Amino acid sequence: MSNWGADGWAVAPGKGVRVEPGGHHWLEVIVRGKEVDDALGVFVFTHDVITENPPHAHHDFMKVIYVLEGHYDFRVGDATFSGGPGTVVVVPKGSYHTFTTPTGGRALFVSSPAGNEELFLEMGELGPQPTPEQLADLNDRFHTTGLGDEEASWRQMHSEG
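Residues numbered from 1 in each chain as written. Predicted model: local features only at pLDDT ≥ 70, side-chain atom pairs only at ≥ 80, totals over all residues. Heavy atoms only, no water.

Engineer: What am I meant to see in the overall build of the protein chain here?
Structural biologist: Regarding its fold elements, the protein chain presents 3 helices and 13 strands. With 161 residues in all, the protein chain has 38% of them scored as buried. A total of about 9000 Å² of accessible surface is found on the protein chain, and carbon and sulfur atoms cover 52% of it. (Helix = DSSP H or I, 4+ residues; strand = E, 2+ residues; numbered from the N terminus. Buried < 20%, exposed > 50% of the residue type's maximum accessible area, 1.4 Å probe, protein only. Areas by Shrake-Rupley, 256 points an atom, 1.4 Å probe, with all protein chains shown as cover.)

Structure below.
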C-alpha cells in the first residue's frame, strides 16, 4: 500500500495482499477492514473457469460484485441472471448466492462491513487443501452457511434464517 497520509491512500496494481486459495484462482486484497474502521473490505478475484460453486450466505456482511472481465452466471436468492464486464451484483446480508463462469474472469468484490476479505486471507493461510474441519471452523467464525442438500427454495431458506 502507498500511504499518502491520514486522509487517504492509493494501492497500485499488484501491491495488495495476494491470496492463493488453490487451483487456478487467486485474489488480491486491496482494502482490509482494519484499515478503515471495518467499514468495508475490497479484493479483486482472478480465476479460471468455475463450473461448480456451492451456494452460501454470509450473515455478517453484504457484498457488491463488479465484473471486470469474463462472463458470469449468477444466482442471488431466487434471481438468476448473466453478465459480463460492467455488471454489478448486489448480495444482501444473509442472502444465499453463487456464480459460475464458462470463461474465467476477474471481479471486484466489496463487502460491507468488512469480513469477506479476512475470510479469504485466513483461507489462504490454510493452504491449498484445507481439511473439512478447518473449513467448518472458518465458516463458523465468519458466520457463513451453505445450503447443503436442502430442497427448499433459496428465498425460503433465507426467510427461515
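Engineer: Hey, could you run me through the pairing of strand β4 (residues 25-31) in this one?
Structural biologist: Remark: a regular strand shows side chains that alternate across the two faces of the sheet. Sheet analysis places strand β3 (residues 17-22) next to β4, joined by 4 bridges and oriented antiparallel. Its bridge partner being in β4, Val17 is matched across the sheet by Val29. Adjacent in sequence and paired antiparallel, β3 and β4 are bridged by 2 residues, among which Gly23 carries a positive phi angle near 70 degrees. Where β4 meets strand β5 (residues 41-47), 6 bridges bridge the pair, whose relative direction is antiparallel. When the bridges of β5 are listed, Leu27 appears paired with Phe45. (Pairing = 2+ DSSP bridges.)

Engineer: Would you mind going over the sheet that holds β5 with me for this structure?
Structural biologist: The strands making up a sheet associate through backbone hydrogen bonding, with each pair oriented either parallel or antiparallel. An order of β3-β4-β5-β12-β7-β10 is seen for the 6 strands of this open sheet, with the pairing classed as antiparallel. Two strands close off the open sheet at either side, each with one partner strand: β3 and β10 (88-91). Strand-to-strand, the axes of this sheet are offset by a mean angle of 20 degrees, without reference to chain direction. Packing against the sheet, helix α1 (residues 116-126) makes contact with β3, β4, β5, β7 (62-70) and β12 (105-112), and its axis sits at approximately 65 degrees to β3. (Axes fitted to C-alpha atoms, helices over the stretch in contact; angles between N-to-C directions. Contact = heavy atoms within 4.5 Å.)

Engineer: In this structure, what is going on with empty space enclosed by the protein? I would like to understand it.
Structural biologist: The tally for this structure, following the rule as stated, stands at 1 cavity of 30 Å³ or more. Taken as a whole, the largest cavity encloses approximately 30 Å³ of empty space. Listing elements by their share of the lining of the largest cavity, those giving two or more residues are β8 (72-76), β10 and β11 (97-100). (1 Å grid on protein atoms, 1.4 Å probe; cavity = no way out; pocket = protein on both sides within 12 Å on 5 of 7 lines; lining within 4 Å. Points joined across faces, edges and corners; volume = space filled by probe spheres on them.)

Engineer: Before we go on, may I ask you to explain the side chain of His47 in this structure?
Structural biologist: Looking at the element boundaries, His47 is found in strand β5. At a separation of 2.8 Å, a polar atom in the side chain of His47 contacts the side chain of Tyr72. Apart from residues lying up to four places away in sequence, His47 is in contact with His24, His25, Tyr72, Phe99, Thr101, Gly104, Gly105 and Arg106. (Polar contact = N/O pair within 3.5 Å; in protein donor to acceptor, adjacent residues only side chain to side chain.)

Engineer: I tried to follow the packing of aromatic side chains on my own but got confused; where do I start?
Structural biologist: Taken as a whole and assessed by the stated rule, the structure comprises 9 aromatic pairs. A ring pair is formed by Tyr72 and Phe74, whose centres lie 5.6 Å apart and whose planes are at 15 degrees; its orientation type is stacked. Of the two residues examined, Tyr72 and Phe74, each falls in the buried class. In this structure an aromatic cluster arises from ring pairing among Phe43, Phe45, Tyr72, Phe74, Phe81, Phe99, Phe109 and Phe120. (Phe/Tyr/Trp six-rings, centres within 6.5 Å; stacked < 30°, edge-to-face > 60°.)

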